[in-house]
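Here's the letter readout for the chains.
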Amino acid sequence: MKISFKTLLNWVGWGLALVFLGIFWQQLGSQQDWQSILQSYRLDYALLAVLLLIIGFIPLAQMGVVASRALQYPLTRRDSYRYWALSQMAKYLPGGIWFAAAKASLYSQNGMPLTVATAATLWELLAFIVVALFLSLFSIVLFGALAVGNLLSFGAIVCMVGMVVSLHDGTWRLLVRLRFPGAAKMLEILQALGQRRWWLFIKLALMAGIVWVFISAGFYCLLLAAGAAQVSLAFAAVGFAVAWTVGFLIFMTPSGLGPREAMLTLLLTPAYGAETAFTLALLARVWWAAAESTHILITSVWLLSERRTK
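**So, the packing of aromatic side chains**
Enumeration according to the criterion identifies 13 aromatic pairs in this entry. Their ring planes at 50 degrees and their centres at 5.4 Å tell us that Phe57 and Trp84 sit as a pair that is tilted. Taken together, the residues Phe57 in helix H3 (residues 43-61) and Trp84 in helix H5 (residues 77-87) connect sequence positions 27 residues apart. Judged by relative accessible area, which is 1%, Trp84 ranks as buried. Members of the aromatic cluster, joined through ring pairs, are Phe57, Trp84, Phe128, Trp212, Phe219, Phe240, Trp244, Trp287 and Trp288. Over the ring of Trp302 we find Arg82, and its NZ or CZ is 4.6 Å from the ring centre.

**Topic: the pattern of salt bridges**
The tally for this structure, following the rule as stated, stands at three salt bridges. A salt bridge links Lys103 to Glu124, with the shortest nitrogen-to-oxygen separation between them at 2.4 Å. Of this pair, Lys103 sits in helix H6 (residues 96-109) while Glu124 sits in helix H7 (residues 114-136), and the two are 21 residues apart along the sequence. The pair formed by Lys103 and Glu124 is uniform in burial state, with each residue classed as buried.

**Thoughts on helix H13 (residues 233-249)**
In an α-helix, one turn spans 3.6 residues; hence positions three or four apart end up facing the same way. Between its first and last C-alpha, H13 extends 24 Å over 17 residues, near the 24 Å set by a 1.5 Å rise per residue. By the criterion of burial, H13 is predominantly enclosed, with 13 of the 17 residues buried.

**Looking at the environment of Asp169**
Here Asp169 lies in helix H10 (residues 169-177). Taking the C-alpha atoms as reference points, Asp169 and Met186, separated by 17 residues in sequence, lie 9.1 Å from one another.

Each value, and the rule that gives it
- Residues numbered from 1 in each chain as written.
- Predicted model: local features only at pLDDT ≥ 70, side-chain atom pairs only at ≥ 80, totals over all residues.
- Heavy atoms only, no water.
- Phe/Tyr/Trp six-rings, centres within 6.5 Å; stacked < 30°, edge-to-face > 60°.
- Helix = DSSP H or I, 4+ residues; strand = E, 2+ residues; numbered from the N terminus.
- Buried < 20%, exposed > 50% of the residue type's maximum accessible area, 1.4 Å probe, protein only.
- Lys NZ or Arg CZ within 6 Å of the ring centre and 35° of its normal.
- Salt bridge = Lys/Arg side-chain N within 4 Å of Asp/Glu carboxyl O.
- Expected span 1.5 Å × (residues − 1).

Don't take any of this as a statement about function, it's just geometry.
Below, the structure is given as structure tokens:
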């Protein structure tokens, strides 16, 4: 039986993630901590946390409308939501890169040239990452007691500069000279947009900012649900933004599984202790998956009902 490279990468990614979590579970997975948290678990706060995240994903799903209109291949709000929800399933292949590829492919099926579809997907993703990186800049203030605080802030600055550079014509002219695939089309798109590219990026970043407000509030409610109110809302917001970014950048594992939990454990340990911090990190994974699954389920039922009416 012939196995494709993508399938092999999927297996390797899941294997790495599970081994990573297995090691953490062996070292930090305490039955006593789980029992302590679950005994005092506040279902009302937990449901509010999931609800906030579900609502927060709605403007994220509508970023495709803004990007596609600017590129003159407009999507309907319905299609933008559907494409976002369906592409979330690809995140559970190793890394967000498959999510981006899946979304670009869906845009292309809607009539966008593949390069334009890739550009739209890229800008949506960049805007979301830039806001996460902006929040990560506060690591130096909130995590100053940790040796990793300065490193996280420096890494965020480098990444943000890279994002801005990617919107300049000169960057793509250089890539054209180096014969980078798709660079010529990307340069053409940027030149057609002119100064509007910055306004497009600002609008996408503002939408991403709204999403991160809901994510931050939801994660804080998740901590409250576990009877863990030992950090501030700002600490929770920055900590989750850092963990999400780390999980995204380490793209070998599916949806950042493993690295994200490790970073959350590291950041929450000074306040809660290593065992409880690891428990909270695992609960955060369930919280995120529950909100994504809700949108995937809604879209699946929606598509199924439409097929039955035809």
